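Structural overview for review
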Amino acid sequence: MGLRTDIRDENTRPLSTFELVQSLLARLGAQDAEGLTRLFAPQVEWRATDPTSSRWRCGVRTRREIESFFLATFSALGLEGLTVRRLLVDGEDAVVLGTARWRTVATTAVHEADFVLSVSVHRGVVDEYWLMQETVDPPSGSEPVRMR
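Everything numeric here is computed off the predicted structure, so don't read it as measured data.

**Describing the nonpolar core**
If you look at the biggest cluster of nonpolar residues, it comprises 31 residues, and the most contacted ones within it are Leu24, Phe40, Trp46, Phe70, Leu117 and Tyr129. For this core, the elements supplying multiple residues, two or more each, are helix 1 (17–29), helix 2 (33–37), strand 1 (40–49), helix 3 (63–76), strand 3 (77–90), strand 4 (93–104), strand 5 (110–122) and strand 6 (125–133).

**Comments concerning the pattern of salt bridges**
All chains considered together, the criterion is met by 7 salt bridges. Across the pair Arg103 and Glu80 runs a salt bridge, and its minimum N-O distance is 2.5 Å. Within this pair, whereas Arg103 is found in strand 4, its partner Glu80 is found in strand 3, the two being separated by 23 residues in sequence. Overlapping salt bridges bring together Glu80, Arg101, Arg103 and Glu112 as one network.

**So, the pairing of strand 6**
Consecutive side chains of a regular strand alternate in pointing toward one face of the sheet and then the other. Of the strand pairs in this sheet, strand 1 and strand 6 are connected by 5 bridges, and their pairing is parallel. Note that in strand 6 the partner of Phe40 across the bridge is Val126. Judged from the 8 bridges that link them, strand 5 and strand 6 form a sheet pairing that is antiparallel. Residue Val116 lies in a different strand from strand 6, and its bridge partner there is Met132. Taken together, strand 5 and the strand that follows it, strand 6, pair antiparallel across an intervening segment of 2 residues, in which Arg123 is found at a positive phi of about 55°.

**Some remarks on the confidence of the model for the protein chain**
As a general rule, the predicted coordinates of low-pLDDT regions are not to be interpreted in detail. Taken residue by residue, the protein chain gives an average pLDDT of 82. The fraction at 70 or more is 78%. Counted against residues more than four places away or in other chains, residues 1–6, with its pLDDT under 50, gives 14 contacts. Contacts for the low-pLDDT stretch residues 138–148, under 50 throughout, to residues beyond four places or in other chains number 23 contacts.

**Regarding the side chain of Thr37**
Structurally, Thr37 is set in helix 2. A polar side-chain atom of Thr37 sits 2.7 Å from the main-chain carbonyl oxygen of Ala33.

**Observations concerning helix 1**
Taking 1.5 Å as the rise per residue, helix 1 with 13 residues should run 18 Å; its terminal C-alpha atoms sit 18 Å apart, in good agreement. Of the residues making up helix 1, those classed as buried are Thr17, Leu20, Val21, Ser23, Leu24, Leu25 and Leu28.

**Quick notes on the packing of aromatic side chains**
The final tally for this structure, using the stated rule, is 9 aromatic pairs. Taking 4.5 Å as the distance between ring centres and 15° as the angle between the ring planes, the aromatic pair formed by Trp46 and Tyr129 counts as stacked. Here Trp46 is found in strand 1, whereas its partner Tyr129 is found in strand 6, with 83 residues between them in sequence. Take Trp46 and Tyr129: they sit in the same class, and that class is buried. Every member of this aromatic cluster is reached through a ring pair, and the members are Phe40, Trp46, Phe69, Phe70, Phe74 and Tyr129. Over the ring of Trp130 we find Arg47, and its NZ or CZ is 4.6 Å from the ring centre.

Cut-off values and rules
- Residues numbered from 1 in each chain as written.
- Predicted model: local features only at pLDDT ≥ 70, side-chain atom pairs only at ≥ 80, totals over all residues.
- Heavy atoms only, no water.
- Core = buried A, V, L, I, M, F, W, Y, C linked by side-chain atoms within 4.5 Å.
- Buried < 20%, exposed > 50% of the residue type's maximum accessible area, 1.4 Å probe, protein only.
- Helix = DSSP H or I, 4+ residues; strand = E, 2+ residues; numbered from the N terminus.
- Salt bridge = Lys/Arg side-chain N within 4 Å of Asp/Glu carboxyl O.
- Pairing = 2+ DSSP bridges.
- pLDDT = per-residue confidence, 0-100.
- Contact = heavy atoms within 4.5 Å.
- Polar contact = N/O pair within 3.5 Å; in protein donor to acceptor, adjacent residues only side chain to side chain.
- Expected span 1.5 Å × (residues − 1).
- Phe/Tyr/Trp six-rings, centres within 6.5 Å; stacked < 30°, edge-to-face > 60°.
- Lys NZ or Arg CZ within 6 Å of the ring centre and 35° of its normal.

Right, here's the structure in full:
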C-alpha cells in the first residue's frame, strides 16, 4: 500500500481547514486508514491517546506511523458511530468535540467515549493532531457500557 505525497494534484487549491476536517471525520467514520493518512503532512506534531490503553503517544510522527496507529485502532475497535457536537474553525486551526461509539472486535462489547480533536492545517494537510479521549476498558461481560 503506497502512500502518495499529497492528497491533491498540483492544479487544485489546498483544502480549507473546514473541508479537511470534514474529510478527516468522514474517513475516520469509514475506517479508511490509508485515506486518513493522506490528509497528514509528511511530519506531524502528534499527541493522541490510544483508545485501548491510557498511554500517550506524543511527538513528531511520520505518515507511516500514523497509518499504523489507525490500522491498529481499527483492528481492535470497530467504529460504530461518530457524533460531532461542536466543530470550531479559526483560520488554520479546528477543534471538534464529540462522542465515538466503538465495538471491541474481540468481545463485541460496545463503548462510548467522549473526545476532543484539535488539528492545525497548513497548505491543505494536517501538521498538528491532538486527540484527547476517554480510554476504552473492556468490561467483563458483553453489555453496552457508557463511559463517563
